[in-house]
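Read off the chains here:
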Amino acid sequence: MQVKLIAICLVAMLLCTTAGCLWLHPTRFTLVSNTVTDSKGFPVLALAFNLTDDATVTLSNPLGQPCYTKEFFQGNSSVIVLLGDFHKSPDAGTYTLTAKDAGKNTVYTRTFQWSAPSLSLLSCSQKWFRHSNETVLSLAVSVQNTGQLPFYPSQVRILYNATVASGQVIPCVVLPGTTSEVSAQVVMPSDLTLKRMTVQLLDTSGAVAGSMSQNISSDVCPSLQFSWYYQGHQQLTLPNASALYLYDRSLPREATEDYAVYVFNSLDDAFFTYVLHRILALCAAGDPIVRLNFIAGFVQALVYRPDSATNASFEYPRYPIETLNEQGGDCEDKAILCAELLYLAGYNVSLLRLPDHMAVGVHLQHLEGYTPFKDGYYFLESTAEYSPVGQIPSEYQGNVNYTIYPISPRPLILHEWLNATRYTTSRDDYVQLDILVKNLGSAHAPVEVQAFFQASSIRYGTQYEVLPSLDAGGEAEVTLSVNVPKGVATVLMTQVLVNGTVQQEKESATMFQ
């Protein structure tokens, strides 16, 4: 009898160890809240829950594939679960949330049935800037989403008089059960007979997600006035692209010295192509060097305005639309705007970084009377009026301390740490890193993300994930877990690589021991 009692106790202890103590203290999962929303351009499920013991939580997509799985410790937890790719609505259907205890027994299951975005275009504000050949239409569309998943608009399409014109939407999201404003600018042929139009909102696949018909309003877009001297007195009136300006101004500045990132931003390409056409319409010459200098003359005439009146070394690079709307900037701002216009005009250009200065490089086969600055690039000063391409200011002649950033199709990969959490138990000691990887260049690329500890050039516990192809303008989240090495002081480091070449690296501010 005593032997049987001991055996029963041993079995009970085993069950408690392997199955979360099924008889005495079963693991309990309590879902506190769940919300489908957006996080930095990604569709996500925000979860809050409580566990009475350690458990593994998994969310499966409508295909039954796990889109998230992670082990959690006892207590309260709040997590963000990715439902889909950057700026793309996730698949509609049934998602399943499960929790399993240490013995892999299912202790909680719940299904979510989420319908696709369902849009209604409620109203449309119009601002018109009419010119002889082209018209710029600024739109603000009120959009309601009665579906259960976020919607990411991609383009606005205008249909009128058998003509189709489209424009890229300023990045935004219309969350489930909400009404949001979607803004865009559309460059279209001028048509004074236009009385009515159809506005269509497209998703990232190019499909029409909503539409409305509307009479043409008489509202006029505010304008900007420019006046400068180059081959005579030039005057130009341009539309104030306020929505685009406010969006770019709200963006954080990127942690890179490669300021080509501000030129590669494709959101403003259509607008600056229009600006370029308007500038060149004032230039009578067809010679490419004359036209190049004419474009540069427009930028050179803008007011030079330092980033800080008290700190000469402070840099705050601006997107081209910021410099245009503010009608001025410092050396890097004017160089970025000049490079944007020249690149759209078909010139092979780069940004030239020099000590405390930035200029534009123009790659030419030959330029009479001048020699290249470096690597076939002729110097173009964007801050001084009447400075032709090829003329190098005396303080930069013979300078060997420079960096060339080509404005050409290439990836530009950056990353940031969204979260870094250390987990320490009796058997484990590791750091889980959530990393946001961004391609801010103009070409797609395979990207390898590495995380490791390092001390005296020795790496410990390297973990990595490969993104087979990250599109230009695309973003992706990567999660890596790295074991903390014992008996050595280290720093945590991450790197992003393209074809084996490190594009950027980061390290922790504190040591791990």
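Residues numbered from 1 in each chain as written. Predicted model: local features only at pLDDT ≥ 70, side-chain atom pairs only at ≥ 80, totals over all residues. Heavy atoms only, no water.

K.L.:
Sorry if this is basic, but what is going on with the overall build of the chain here?
P.N.:
From N to C terminus, the chain includes six helices and 29 strands. With the principal axes as the frame, the chain shows a C-alpha extent of 110 × 65 × 40 Å. The proportion of buried residues among the 513 residues of the chain is 47%. In the chain, 61% of the contacts between residues at least 6 apart in sequence involve partners at least 24 apart. (Helix = DSSP H or I, 4+ residues; strand = E, 2+ residues; numbered from the N terminus. Buried < 20%, exposed > 50% of the residue type's maximum accessible area, 1.4 Å probe, protein only. Contact = heavy atoms within 4.5 Å.)

K.L.:
Can you walk me through the nonpolar core in this structure?
P.N.:
In globular proteins that are soluble, nonpolar side chains generally tend to be buried together. Core analysis: the biggest nonpolar cluster contains 62 residues, and Leu341 and Leu342 have the highest contact counts within it. At eight residues, the largest contribution of residues to this core is made by helix α6 (residues 331-344). Excluding residues within four positions of it along the chain, Leu341 makes contact with Phe272, Val275, Leu276, Ile279, Ile295, Phe298 and Val299. Within the second largest apolar cluster, 25 residues are counted, among which are Leu119, Ala165, Val169 and Val186. (Core = buried A, V, L, I, M, F, W, Y, C linked by side-chain atoms within 4.5 Å.)

K.L.:
Any chance you could explain the sheet that holds strand β19 (residues 349-354) here in plain terms?
P.N.:
Backbone hydrogen bonds are what pair the strands of a sheet, in a parallel or an antiparallel way. An order of β21-β20-β19-β22 is seen for the four strands of this open sheet, with the pairing classed as antiparallel. Each edge of the sheet is formed by a strand with only one pairing partner; in this case those strands are β21 (377-380) and β22 (403-406). Going from strand to strand, the sheet's axes swing by 35° on average, the running direction of each strand aside. Bridge analysis of β19 against strand β20 (residues 357-363) gives six bridges, and the strand direction is antiparallel. (Pairing = 2+ DSSP bridges. Axes fitted to C-alpha atoms, helices over the stretch in contact; angles between N-to-C directions.)

K.L.:
Before we go on, may I ask you to explain the pattern of salt bridges in this structure?
P.N.:
When charged atoms on two side chains of opposite charge get close, those side chains can pair. Overall, the coordinates contain twelve salt bridges when judged by the stated rule. A salt bridge links Lys438 to Glu254, with the nearest nitrogen and oxygen atoms 3.0 Å apart. Placement of the pair is Lys438 in strand β24 (residues 429-439) and Glu254 in the loop between α2 (242-250) and α3 (269-280), with a sequence separation of 184 residues. Taken individually, Lys438 and Glu254 each receive the classification buried, so the pair is uniform in this respect. Glu416 is the partner of Lys438 in a salt bridge, and the nearest nitrogen-oxygen pair spans 3.4 Å. Placement of the pair is Lys438 in strand β24 and Glu416 in strand β23 (residues 413-424), with a sequence separation of 22 residues. Here Lys438 falls in the buried class, since its relative accessible area comes to 9%. The network of salt bridges with shared partners includes Lys40, Glu254, Glu416 and Lys438. (Salt bridge = Lys/Arg side-chain N within 4 Å of Asp/Glu carboxyl O.)

K.L.:
What is the right way to read the sheet that holds strand β29 (residues 501-507) from this model?
P.N.:
On the basis of which strands lie adjacent, the open sheet formed by four strands has the order β26-β25-β28-β29 and antiparallel pairing. Two strands bound the open sheet, and with one partner strand each, they are β26 (458-470) and β29. Across the sheet, the mean angle from the axis of one strand to that of its neighbour is 20°, orientation sign disregarded.

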